[in-house]
Structure formats: C-alpha cells, structure tokens
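Spelled out from the first residue to the last, the chains are:
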Amino acid sequence: MSEENFQEHEIRDRIVIQYKYTMGGQSKFFIELMNNKKILGTKCKKCGKIWMPPRINCSECFEDTDWVEMPHTGTIKVSTIVWYTTSAFIQSVPYGIAFIQLDKADTGMLQGIFSENLVPSKVKKGQRVKAVFKKKEDREGKMTDFFFVPEDEYDAWIAKPQYEGGS
Amino acid sequence: MAIIGVGITPFRARYLDKTYFELAYDATKLALGDANKNGAEITHNDLESTVYGIYNELFERQFMPDIFTNSYLGMNNKPGTRIASGGATGGYTVRMAYSEVASGLSDLCLCIGLEKCNDCYDEQTGTTTPEVLNAIAYSADMTYEYPMGMMAASSYVSMVNAHYDEFGNPTEEQMAYVSIKNHGNAKLNPKAQSPMDVTVEDVIYSRIICYPFKMLDCCLYSEASAALILASEQKVKELGIEKPIWITGVAAANTDCFIGNRESVGRLYSNIYAAKAAYKMAGLDYNKIKEQIDVAELHDAFSGQEVISYEELGFVPFGEGGPWIEKSFEKPGEGPWIDGELPCCPSGGLIGCGHAVGATGIMSTGEAALQLRQEAGKHQVKTIEKGRAIAHSIGGPGAAYAAVIVMANEEGLKKP
C-alpha cells in the first residue's frame, strides 16, 4: 500500500532492565580491586599463560588457573582517542582508550588512558603507563575503579584529591 | 544450490512509513518478483523455510523480531530461524540458508535480512546516532569493555591503528580513497543512502570520530531489508531458472572477540580464516584470488578496515592494501575501483549504501549475484569474464565474525 499524504505516528518508549549481576569466578578480581587496589591476573596451571583480564579456566589448555598479583605498570599495544560516541559516553569526549599489556601478562586488556595532554603522540603504541585508582569511598568493584596514565604523569595524577596510587 | 531471486529495498536514513516487518515484506516481494522475472513462477506460499538475519533487538524495540516478521510474511507453520552475528549477520544468514538447502531440509528457502536502527533516539542530544551507537555498544564485553566507552568505531580503529604501526599503512590519505571510491560508486546506485563526490581533503577534514577515523571514513547506519531466494539444483531445473547464480563456497570464522588476546592486533583473523575456507570450498586459490573473480562486494564499515581486508581476503600481500588503492586512483584497469582490475564495492558498499546491519551482508551477496547476471544497473562492472564473485561480511566486537560467500554464474562454474 502506498498512501498519499502519509502522516507518521511516533511514540516515545524505552527498554530498561535492572540487574544484580554476579561476576562469578571473576569476583575476586573485583573485590581485590575495590578493597586493596590489587590487580589480579590468572596463570594457567598447565601452560603458565597469564590471562589479563583474568579467566578462572585456561581457554587454550582447558585447565584451571591460579590467581597472581600483577604489576601496576604496562605498555600500550594499541590505542585511540574518541571524539564522538554513544549516548552513554558522549558527555565524556574526548577520552583515550587503549589495549594495555601489563608487565608479566600474556594478553592485553582494554582500559581508559587519562592524560593532561590527550594527543596521539602521547597515547600511542609503546607508551609506558601506570595504574591510578579512585579513592576507596568511590571504588565500586568495577573496571571504572581505575585507569592508566603515562608514567611521567603518574605523580601529578595521584596528587589529585579524588585519586590515589596503588600500594 | 543457487540464488534465483534478489530483492533489496532502498537503504535510507529512516523510514517513517515502514516498520521493520513492513520493510521485510517489501524485500520479499521484490525477491519473488525477481525470481519470477528469472524464469520461476512462485509465490511466498512456495517458500519452504526462512532464515532471518536480524542483528539487534534494541533497534527493533522487539526481542525475537523474527517471529513477528514470519507472521507478516505469511510464513506461518513453516520453519524460521534467526541468525544474529553482529555486522556479519547477513553473511552468516546466507551461510545458514545455504545449510538449510544443502542439507535437503528445504528446496526453496527465503534468506532475509532486515534492520531498522534509527527509531533509537537520544533525548539529551536530540539526535539518533548516539543512541544507535549505544544499542550497538551493548555488544561489547559488558564487564571489561563497555564501561571504558568502547563502541564499534573504536573497536575497528584498534586493528587499523595496529596495522599502521606494523606496516606504515593505511595512511589517512589511503583511507580517504576508499571513501572517495565508495561514495562515488553509490552515485550509480539508486538504492544507496550516501551518494557523494568527495575529495581526500573532504575526508581528512571531516569531523573526527576516533583517531584517525573521520566521519567520511565511517559508514552511516541505515534502514533496509534485503532478501534472497535460494533453490536447490533440482528446483533450479524444475523452475527453469534462466540465470541462476550458484553458491560455490561459504565459510565463516569467529576469531577472539577480545582484541588483547590476539597474537597480532593488526589482523582481522576472522577474514583470513573465512576467506581461505570459502575459496577452498569453491576450488579457488587464496594466493591467486584477484585473478579468479570479477567483482567483490566487501564489508567496508570503516575505510581503513576495507584496506586491511584487501590483504586478508588475498587480493594483495600484507602491507600493500593502502598503496593498492592510492596508486590506482584514476588509473582504469588498476586497483579496487569500479573500472579497476578487481572492482570492490561497486554498489557503494556500506560507506556508500549505508549499513542496515542484518540486511547488509544479504544486500552485498545479492549485489554480487546481480553483477554476475549483468543486471546490476548503472553500477554494473564492465567485464564479467571469469563469472565469479565474492561477498564479504564482518562484524562483532573486534570484528570477531567474518563470512565469505563465493558465487558463480553458469560460465563461471565451467571455468577452471
């Protein structure tokens, strides 16, 4: 059917679902992050691969892993700076994100890169970075409890009242 | 088995006069009409099953949108199965429809993709796109990646940036040539959403999305439906189809969706595995594929990702994708241009047509089939001599999904 003088009818609607989501076997990672500013990876009991983000099972060997404490330093494998984004983050642009390989880890994890100088020459492959944490009262046991900054900016970031360094 | 009918609705920013199931009806009717023009005499009642490609429930504001489409298409009391594989949904849907017919479960199968994203609306900016992007971003890992502000462009740009770190390309200029090509090809395709003349400068100075992708490097989200009618060999003969397009290879591969787990970040491994398997099934050679096909409809969600795909699909050696498009600009007979040695995205691809996610890979497959029938319209490539084409789909977090479809016309089947 094609209608002459078609007039559309739009309605406002939304889908909202609330959760109490369990982190399952990964729970310890988030508890230690929140309570003790520790970054835990896991090491395969068989092949020794260190997973970061952690997995309680090694997807390559099909064996269990052990928790291991990771250093708070690492290197950017690849990164970008975001200038236009989703409705949930559009108020935060520009922001840097990067896949970071923590020292000792065999895999890279995605994390936010904060910098006083958010430019591609600063947020790039090979840049050494260090973890900065929110204050204890602001930590919720989520990935947003911490972020990374270029190593040479670390002291400036942990001097800010809302942030602190790791142990 | 063969594609006997192709139906593609126009790709538009928004259909105010159609719901998703009404769009699906239009595409199905077009595909039936095309099959009948191609020698068949069939109606929707002759279709034995349906495979639905619908990516995102949040776009459609309806979980299980396939069953409501099934009702609207008059396909009650027959099997209908939904596929959802991110941006690669279309390609995976073709693969599943192929399985439906190859297994003998159906002799005549409707393979349909649909998507209507732009009913999403962001009240804070008063625009659609940020909310569309948010609906997509829920496809990122919700625990580790969504909370960091990951989205489609920042995911794909990671691979492109890592590829640049490794090979020194694609440069911003080389990526811009993809935008010039696909927006330009779209001018020949009346169903495309973004026909445009653009220059390298226009692309490079367009609004930055995430470094180094600019707005004109990115496809626009679109609304559309695309349908194929697949028939078994016996059915093709029975119906007396004049120009069947035979599917000779189908393959897909899901690589690790966590980019940080990959051996090399600058690779879309899904492309490599899917392409090698599809070519092998079709009896073609990964290292000579550029000489063995006439045309390729690629999944160019982002310009830089099309450039890397040239390499991973075997058209040029690794690290030579950027120079391949840049150096062939305005040189007929060379490169991926519409008059080049291997035209890529003569339809305009996603950058030119728009990306109606579930419909996109089915549109690409249908477009490649129409090229082999020499019925593509104004964007028909000049030479169809090998009689073979490919369609490519990629999608998901970190472009983890890829599917490649190889097809041939009657002549292409006979050629070595």
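Small disclaimer: the values here were computed from a predicted structure and weren't measured.

Notes on the overall build of chain A
Okay, so step 1: Along chain A, the regular secondary structure elements total two helices and ten strands.
Okay, so step 2: Since a compact globule built from 167 residues should have a radius of gyration of about 15 Å, the 20 Å found for chain A marks it as more spread out than a globular shape.
Okay, so step 3: With respect to the principal axes defined by its C-alpha atoms, chain A has extents near 70 × 40 × 35 Å.
Okay, so step 4: For chain A, with 167 residues in total, the buried portion stands at 35%.

Regarding the overall build of chain B
Okay, so step 1: Along chain B, the regular secondary structure elements total 16 helices and eleven strands.
Okay, so step 2: Taking 416 residues into account, the globule formula puts the C-alpha radius of gyration at 22 Å, and chain B, at 20 Å, falls close to it.
Okay, so step 3: In terms of overall dimensions, chain B has C-alpha extents of about 55 × 50 × 40 Å along its principal axes.
Okay, so step 4: Sorting the 416 residues of chain B into buried and exposed places 65% on the buried side.
Okay, so step 5: Long-range pairs, those at least 24 residues apart, make up 76% of the contacts in chain B with a sequence separation of at least 6.

Examining the interface of chain B and chain A
Okay, so step 1: Taken residue by residue, the interface counts 34 residues in chain B and 33 residues in chain A.
Okay, so step 2: Here the side of chain B that touches chain A is composed, by residue class, of 18 nonpolar, nine polar and seven charged.

Looking at the environment of D155 of chain A
Residues and elements named next belong to chain A.
Okay, so step 1: If you trace the backbone, D155 turns up in helix α2 (residues 154-158).
Okay, so step 2: Exposure remark for D155: the 11 C-beta atoms within 10 Å place this residue in the exposed category.
Okay, so step 3: Sequence spacing of D155 and M23 is 132 residues, and the spatial spacing of their C-alpha atoms is 32 Å.

Quick look at the sheet that holds strand β4 (residues 108-116) of chain B
All names here are of chain B.
Okay, so step 1: Overall, mixed pairing links the nine strands, which are arranged β3-β2-β4-β7-β1-β8-β11-β10-β9 in an open sheet. Strands at the two margins of the open sheet, each flanked by one partner only, are β3 (80-83) and β9 (295-297). For this sheet, the mean angle separating the axes of adjacent strands, direction not counted, is 25°.
Okay, so step 2: In this fold helix α1 (residues 20-37) packs onto β1 (2-8), β4 and β7 (223-231), with an angle of close to 135° to the strand it touches most, β1.
Okay, so step 3: Strands in contact with helix α4 (residues 89-102) are β2 (49-53), β3, β4, β7, β8 (245-254), β10 (388-395) and β11 (401-408); relative to β4, the strand with the most contacts, it is inclined by about 165°.

A short note on the environment of V316 of chain B
All names here are of chain B.
Okay, so step 1: Along the chain, V316 turns up in the loop between α12 (303-312) and α13 (321-327).
Okay, so step 2: Under the C-beta neighbour-count criterion, V316 is labelled partly exposed, with 19 such atoms within 10 Å.
Okay, so step 3: What V316 contacts, discounting residues up to four positions off in sequence, is Y310, E311, G321 and W324.

Notes on the packing of α1 of chain B against helix α3 (residues 65-72) of chain B
Residues and elements named next belong to chain B.
Okay, so step 1: As a packed pair, α1 and α3 sit with axes 9 Å apart at the nearest point and diverge in direction by 50°. Classed by the angle they form, the pair α1 and α3 counts as oblique. Where α1 crosses over α3, the handedness of that crossing is right-handed. Between α1 and α3, the contacting residues are Y20, F21, A24 and Y25 on the first element and P65, F68, T69 and Y72 on the second.
Okay, so step 2: In the contact of α1 with α3, the residues fall into seven nonpolar, one polar and no charged.

A word on the sheet that holds strand β3 (residues 57-58) of chain A
Residue and element names in this part refer to chain A.
Okay, so step 1: Strands sit in the order β2-β1-β4-β3 across an open sheet of four strands; the sheet is antiparallel. The open sheet has two free edges, formed respectively by β2 (50-51) and β3, since each of these has just one partner strand.
Okay, so step 2: Judged from the two bridges that link them, β3 and strand β4 (residues 63-69) form a sheet pairing that is antiparallel. Of the residues in β4, the one forming a bridge with C58 is E63.

Structural notes on helix α10 (residues 269-281) of chain B
Residues and elements named next belong to chain B.
Okay, so step 1: Taking 1.5 Å per residue, 13 residues should reach 18 Å; α10 reaches 19 Å between its end C-alpha atoms and fits that length.
Okay, so step 2: If you check which residues of α10 are buried, you get Y269, S270, N271, I272, A274, A275, A278 and Y279.
Okay, so step 3: On its buried face, α10 is in contact with β8, α11 (289-292), α12, β10 and β11.
Okay, so step 4: Positive backbone phi, approximately 75°, marks G283, located one or two places after α10.

Some remarks on the nonpolar core
Residues and elements named next belong to chain B.
Okay, so step 1: C111, L230, I405 and M407 are the most contacted members of the largest nonpolar core, which totals 184 residues.
Okay, so step 2: Among the elements that take part in this core, α1 stands out by supplying nine residues, more than any other.
Okay, so step 3: The residues touching L230, leaving out its near neighbours within four places in the chain, are M1, I3, A97, Y98, V101, C109 and C111.

Observations regarding the packing of helix α7 (residues 172-186) of chain B against α12 of chain B
Residues and elements named next belong to chain B.
Okay, so step 1: Direction vectors running N to C along α7 and α12 enclose 100°, while the axes themselves pass 8 Å from each other. Accordingly, the angle class assigned to the pair α7 and α12 is roughly perpendicular. Taken together, the residues of α12 that come into contact with α7 (itself represented by Q174, M175, V178 and S179) are S303, G304, E306 and V307.
Okay, so step 2: Here the residues of the contact of α7 with α12 are counted per class, giving three nonpolar, four polar and one charged.

Concerning unusual backbone geometry
Okay, so step 1: Note that the residue after M52 of chain A, namely P53 of chain A, is joined by a cis bond; omega there is 5°.
Okay, so step 2: Positionally, P53 of chain A belongs in the loop between β2 and β3.
Okay, so step 3: Residue Y211 of chain B is joined to P212 of chain B through a cis peptide bond whose omega torsion reads 0°.
Okay, so step 4: In this fold, P212 of chain B is placed in the loop between β5 (208-210) and β6 (213-214).

Considerations on the confidence of the model for chain B
Okay, so step 1: Summing up the model confidence of chain B, the mean pLDDT is 97 and the portion of residues at 70 or higher is 100%.
Okay, so step 2: Both scores are available for the predicted complex, with the pTM at 0.97 and the ipTM at 0.95.

Digging into helix α6 (residues 152-167) of chain B
Okay, so step 1: Over its 16 residues, α6 of chain B runs 23 Å from end to end, which matches the ideal 22 Å to within 8%, given 1.5 Å per residue.
Okay, so step 2: Of all the 16 residues making up α6 of chain B, 13 are buried; the element is thus mostly covered by neighbouring parts of the structure.

Cut-offs used in this document
- Residues numbered from 1 in each chain as written.
- Chains lettered and ligands numbered in written order.
- Predicted model: local features only at pLDDT ≥ 70, side-chain atom pairs only at ≥ 80, totals over all residues.
- Helix = DSSP H or I, 4+ residues; strand = E, 2+ residues; numbered from the N terminus.
- Rg over C-alpha atoms; globule rule 2.2 N^0.38 Å.
- Buried ≥ 20, exposed ≤ 12 C-beta atoms within 10 Å, placed from the backbone.
- Contact = placed C-beta atoms within 7 Å.
- Nonpolar A, V, L, I, M, F, W, Y, C, P; charged D, E, K, R; others polar.
- Pairing = 2+ DSSP bridges.
- Axes fitted to C-alpha atoms, helices over the stretch in contact; angles between N-to-C directions.
- Parallel < 35°, antiparallel > 145°, perpendicular 65-115°, else oblique.
- Left-handed = near helix turned anticlockwise from the far one by under 90°.
- Expected span 1.5 Å × (residues − 1).
- Core = buried A, V, L, I, M, F, W, Y, C linked by C-beta atoms within 7 Å.
- pLDDT = per-residue confidence, 0-100.

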